Amino acid sequence: MLRAMSEKWDRRFIALARHIAGWSKDPSTQVGCVVVGPDREIRSTGFNGFPRGIDDSAERLSDRELKYPFICHAEENAIMHAARIGVSLKDCSAYVTWPPCTRCARSLIQAGVRTVYYPAGLAIPERWEDDFRISTQMFRESGVQVRTVSEE
């Protein structure tokens, strides 16, 4: 019964991360993140987008080569938001709509996140398989649990 209740909450937080991902102006990079504390309180959220102060005009968004050096990933935006409002992410869980890249994995580890959840059954494109493998290994070596959530 307890695990069924936990799975219900996991699905809710993944659904919320999907909703937040929709705030991204670029549909090709829609990833959302919700960081949840031990008592299921939402501590921070983030979505893929530009850091504050970076121009995100339509002209700039269409220029992908200039965009990617500046883009901030959902996890990093959630971490920056928590830092701005003075909220600790130590021992929290991060719910993301896509497995974190190595850069985001490092940021989540440094922030003290203990568990990372993402939707089950995602097809990882071949070009990202190495990054996915390395980030999963980074999590394992640092004691961060990685779990998938069935959305059924």
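Overview of the structure. Just so it is clear, the model here is predicted, and its values are computed rather than measured. (Residues numbered from 1 in each chain as written. Predicted model: local features only at pLDDT ≥ 70, side-chain atom pairs only at ≥ 80, totals over all residues. Heavy atoms only, no water.)

**Looking at the environment of Pro99**
Cut-off, in case you're wondering: The helix and strand labels rest on DSSP assignments: H or I over at least four residues marks a helix, E over at least two residues marks a strand, and numbering proceeds from the N terminus. Working definition: with a 1.4 Å probe on protein chains only, accessible area under 20% of the residue-type maximum means buried, over 50% means exposed, and in between means partly exposed. In what follows, a contact means two residues having at least one pair of non-hydrogen atoms within 4.5 Å.
Within the element layout of this structure, Pro99 appears in the loop between β3 (93-96) and α5 (102-111). Take Pro99: its relative accessible area is 8%, and that puts it in the buried class. Sequence spacing of Pro99 and Ile124 is 25 residues, and the spatial spacing of their C-alpha atoms is 8.9 Å. Excluding residues within four positions of it along the chain, Pro99 makes contact with Tyr118, Leu122, Ile124 and Phe132.

**What to know about the packing of helix α4 (residues 74-85) against α5**
Selection criterion: Lines fitted to the C-alpha atoms define the axes, with helices restricted to the stretch that makes contact. Angles between their N-to-C directions range from 0 to 180 degrees. Throughout, the term roughly parallel applies to angles under 35 degrees, roughly antiparallel to angles over 145, roughly perpendicular to angles from 65 to 115, and oblique to all others. With the far helix as reference, a near helix turned anticlockwise by less than a right angle produces a left-handed crossing, and one turned clockwise produces a right-handed crossing.
As a packed pair, α4 and α5 sit with axes 8 Å apart at the nearest point and diverge in direction by 30 degrees. Taken as axis vectors, α4 and α5 run roughly parallel relative to one another. Note that α4 runs across α5; the crossing there is left-handed. On α5, the residues that touch Glu75, Glu76 and Ile79 of α4 are Arg103, Cys104, Ser107, Leu108 and Ala111.

**Details of the environment of Ile20**
Its place among the elements puts Ile20 in helix α1 (residues 2-21). Overall, Ile20 belongs to the buried group, its relative accessible area being 3%. For the pair Ile20 and Thr45, spaced 25 residues apart in sequence, the C-alpha separation works out to 7.8 Å. If sequence neighbours within four positions are ignored, Ile20 has contacts with Cys33, Val34, Thr45, Gly46 and Phe47.

**Focus: the sheet that holds strand β4 (residues 115-119)**
Note the threshold: Note on pairing: two strands pair once DSSP finds at least 2 bridges between them.
Ordered by their spatial adjacency, five strands build an open sheet running β2-β1-β3-β4-β5, and the pairing between neighbours is mixed. Looking at the sheet topology across the chains shown, the edges are occupied by β2 (42-47) and β5 (145-149). Geometrically, the sheet is characterised by an average inter-axis angle of 20 degrees between neighbouring strands, direction not taken into account. Direction of pairing for strand β1 (residues 32-36) relative to β2: antiparallel, over a ladder of five bridges. Considered in β2, the bridge of Val34 is made with Thr45.

**A few points about empty space enclosed by the protein**
Heads up, the condition is: Every definition here rests on a 1 Å grid over the protein atoms only: cavities are sets of points where a 1.4 Å probe fits but cannot get out, pockets are open sets enclosed by protein on both sides within 12 Å along at least five of seven lines, and lining residues have some atom within 4 Å of a point. Grid points are joined across faces, edges and corners, and a volume is the space filled by probe spheres set on the points. We call Asp, Glu, Lys and Arg charged. Ala, Val, Leu, Ile, Met, Phe, Trp, Tyr, Cys and Pro are nonpolar, and the rest, Gly among them, are polar.
Per the counting criterion, the structure on display carries one cavity of 30 Å³ or more. Here the largest cavity defines a volume of roughly 40 Å³. What lines the largest cavity is simply Pro99, Pro100, Val116, Tyr118, Phe132, Ser135, Thr136, Phe139 and Val146. Where the lining of the largest cavity is concerned, the elements lending two or more residues are β4 and α6 (129-142). Ranked by residue count, the leading element in the lining of the largest cavity is α6, at four residues. Looking at side-chain class alone, the lining of the largest cavity contains seven nonpolar, two polar and no charged residues.

**Quick notes on the pairing of β5**
What counts here: The handedness rule is simple: strands pointing away from the viewer, and a clockwise path from the first strand over the helix to the second, make the crossover right-handed.
Pairing geometry for β4 and β5, over five bridges, is parallel. Among the inter-strand pairings, Tyr117 is bridged to a residue of β5, identified as Arg147. Handedness of the β4-α6-β5 crossover: right-handed.

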